[in-house]
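Below, each chain spelled out in residue letters.
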Amino acid sequence: MSPPVAPPGWSRWLVPPAALSVHLSIGQAYAWSVFKPPLESALGLSGTQSALPFQLGIVMLGLSAAFGGTLVERNGPRWAMTVALICFSSGFLLSALGAATEQYWLIVLGYGFVGGIGLGIGYISPVSTLIKWFPDRPGMATGIAIMGFGGGALIASPWSAQMLDSFGSDSSGIALAFLVHGLSYAVFMLLGVLLVRVPRSEKPVESAPSAFEGPQVSARNAVRTPQFWCLWVVLCMNVTAGIGILEKAAPMITDFFKETSTPVSVSAAAGFVALLSAANMAGRIGWSSTSDLIGRKNIYRVYLGVGAVMYGLIALFGDSSKPLFILCALVILSFYGGGFATIPAYLKDLFGAYQVGAIHGRLLTAWSTAGVLGPLIVNWIADRQEDAGKSGAALYGLSFVIMIGLLVVGFVANELVRPVSARHHIPAPREAADAAVRQQPESA
């Protein structure tokens, strides 16, 4: 499938909606928790078992983005979005079959493995194209698209819950809900496939700088630089800190105020989760757009430095002030989302636009690592503290101190980022730029 080149007069503002159609769809992953209780009840699963499809999906997201990044650069955004559509929708259809036949391994295979490949390829599918369309505002452009991944759960959560109410929460009702998801997301993602275009030239807007100005580094060379691994640490630490709250948000706020005069109800805890999702989504467009004004290194100083302060405030005063706890958590989650949305532009600043999508894919292995590390730290320590007879905010004090330490590590890694050495630059930037516009494979 050859990359579709924009005809004369094509508006670049049609590309972000194409990207959003994919990211809003695959963002359903953050709403998996809606299916956990029905699956546990219908199939007799434990909480750990019902989380397996989501966990495998996040692992496959990072792996497929890493190994498929070069293919995405080579074949273009339409190919990538088509692969994402097929895998993500097929994952739901396999899951529907698994639920209908009560074969849980099919749900794990479908949603976790096959659907996870769709998550990874779909996540990186528009990144390189958006940066080429918006060389003047790469942070804003990628923020618009990646905002959709953070906001997908705001649509998917109530929609999934309503379907389970209508179809029933037994195995047949879950199967029907999975089936509707698979077919609906296929149609919605198809809009992105049909709408996406690559620019005719490297300067789609005359007043904008070239997308290929400055050093250009191939994906093969990028992973050999200290800058890549510094950013890997930066992303991993930022995501670990955010997902540590996101994954356990409802029980965490309940525990913090359980022994106070103003305990948190179940419905209020659910509202807190919705607020965190909104902060996650808003941070993706707000902070990434701000990075276009103050620079990528400075915005990560905010994410990591201020994030550490927010964790410190929760650890010291969170159980004495509900507004403070909520405010600090919202800020941390906005940084979590902002970190995801800003990293493609940071990569473009350092390595150029030549193979930024492939480089981004390789960097997302940091997300896979953080997706395991963050929940493991918070849950394991909380379990150990509970076994020791502690309760309330005391369950989380040690894990918050660890999160502060991780954010400091990320802050230091960000400070170590320097311009990439000339020995890693590709030897013929003009030829490489032309090749990237045509989306041809790397010649080296």
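Residues numbered from 1 in each chain as written. Predicted model: local features only at pLDDT ≥ 70, side-chain atom pairs only at ≥ 80, totals over all residues. Heavy atoms only, no water.

Naming follows an unreviewed UniProt entry, where the protein appears as OFA family MFS transporter of Streptomyces doebereineriae. Recorded under Subcellular location (unreviewed entry), the UniProt text for the protein is reproduced unchanged: "Cell membrane". (UniProt positions renumbered as here; feature names shortened; annotations may be inferred.)

Chemist: Go over helix α13 (residues 296–317) with me, naming the residues and quoting the values.
Modeler: Counted at 1.5 Å a residue, the expected span for α13 with its 22 residues is 32 Å, and the 31 Å between its end C-alpha atoms agrees. For α13, the complete set of buried residues consists of Arg296, Ile299, Tyr300, Tyr303, Leu304, Gly307, Ala308, Met310, Tyr311, Gly312 and Ile314. Taken together, the buried residues of α13 touch α7 (138–167), α10 (226–246), α11 (249–257), α12 (266–294), α14 (322–351) and α17 (397–415). (Helix = DSSP H or I, 4+ residues; strand = E, 2+ residues; numbered from the N terminus. Expected span 1.5 Å × (residues − 1). Buried < 20%, exposed > 50% of the residue type's maximum accessible area, 1.4 Å probe, protein only. Contact = heavy atoms within 4.5 Å.)

Chemist: Can you lay out the packing of aromatic side chains for me, pointing to particular residues and giving the numbers?
Modeler: Under the defined criterion, the tally for this structure stands at 31 aromatic pairs. With centroids separated by 5.7 Å and ring planes inclined at 45°, the aromatic side chains of tyrosine 303 and phenylalanine 335 adopt a geometry described as tilted. Taken together, the residues tyrosine 303 in helix α13 and phenylalanine 335 in helix α14 connect sequence positions 32 residues apart. The exposure class of tyrosine 303 is buried, given its relative accessible area of 0%. One aromatic cluster is present, formed by Trp32, Phe35, Phe88, Phe92, Tyr111, Trp159, Phe178 and Tyr185 through successive ring pairs. (Phe/Tyr/Trp six-rings, centres within 6.5 Å; stacked < 30°, edge-to-face > 60°.)

Chemist: Help me get a handle on the packing of α10 against α13, residues and values and all.
Modeler: At a minimum axis separation of 11 Å, α10 and α13 run at an interaxial angle of 35°. Between α10 and α13 lies a crossing of left-handed hand. Residue-level inspection shows Val234, Asn238, Ala241, Gly244 and Ile245 of α10 in contact with α13, the latter providing Tyr300, Tyr303, Leu304, Tyr311 and Ile314. Residues that form the contact of α10 with α13 fall into these classes: eight nonpolar, two polar and no charged. (Axes fitted to C-alpha atoms, helices over the stretch in contact; angles between N-to-C directions. Left-handed = near helix turned anticlockwise from the far one by under 90°. Nonpolar A, V, L, I, M, F, W, Y, C, P; charged D, E, K, R; others polar.)

Chemist: Please give an account of the environment of isoleucine 404 that cites residues and values.
Modeler: Turning to its location among the elements, isoleucine 404 is positioned in helix α17. On the basis of relative accessible area, isoleucine 404 is assigned to the partly exposed category, the value being 23%. Taking the C-alpha atoms as reference, isoleucine 404 lies 42 Å from valine 180; in sequence the two are 224 residues apart. Once you skip the residues sitting within four places of it in the chain, isoleucine 404 turns out to touch Ala308, Tyr311 and Gly312.

Chemist: Describe in detail α14, supporting the description with residues and values.
Modeler: In this model α14 runs 43 Å from its N-terminal to its C-terminal C-alpha over 30 residues, within 8% of the 44 Å that 1.5 Å per residue would give. Threonine 342 marks where α14 bends most, by close to 35°; the proline proline 344 follows one to four residues later. By the criterion of burial, α14 is predominantly enclosed, with 22 of the 30 residues buried. Where α14 begins, one side-chain oxygen reaches toward the backbone nitrogen of leucine 324, 3.3 Å away; that side chain belongs to serine 321. Immediately downstream of α14, the backbone of glycine 352 shows phi near 80°, a positive value. (Bend = angle between axes of the 7 residues up to and from the residue. Polar contact = N/O pair within 3.5 Å; in protein donor to acceptor, adjacent residues only side chain to side chain.)

Chemist: Tell me what's going on with the packing of α10 against α14, and back it up with residues and numbers.
Modeler: Packing of α10 against α14 brings their axes to within 9 Å, and their N-to-C directions diverge by 160°. Classed by the angle they form, the pair α10 and α14 counts as roughly antiparallel. Between α10 and α14 lies a crossing whose hand is left-handed. Where α10 approaches α14, its residues Gln227, Phe228, Leu231, Leu235, Asn238, Val239, Ala241, Gly242, Ile243, Ile245 and Leu246 are matched on the opposing element by Ala329, Ile332, Leu333, Phe335, Tyr336, Gly339, Phe340, Ile343, Tyr346, Leu347, Leu350 and Phe351. Within the contact of α10 with α14, the residues separate by chemical class into 19 nonpolar, four polar and no charged. (Parallel < 35°, antiparallel > 145°, perpendicular 65-115°, else oblique.)

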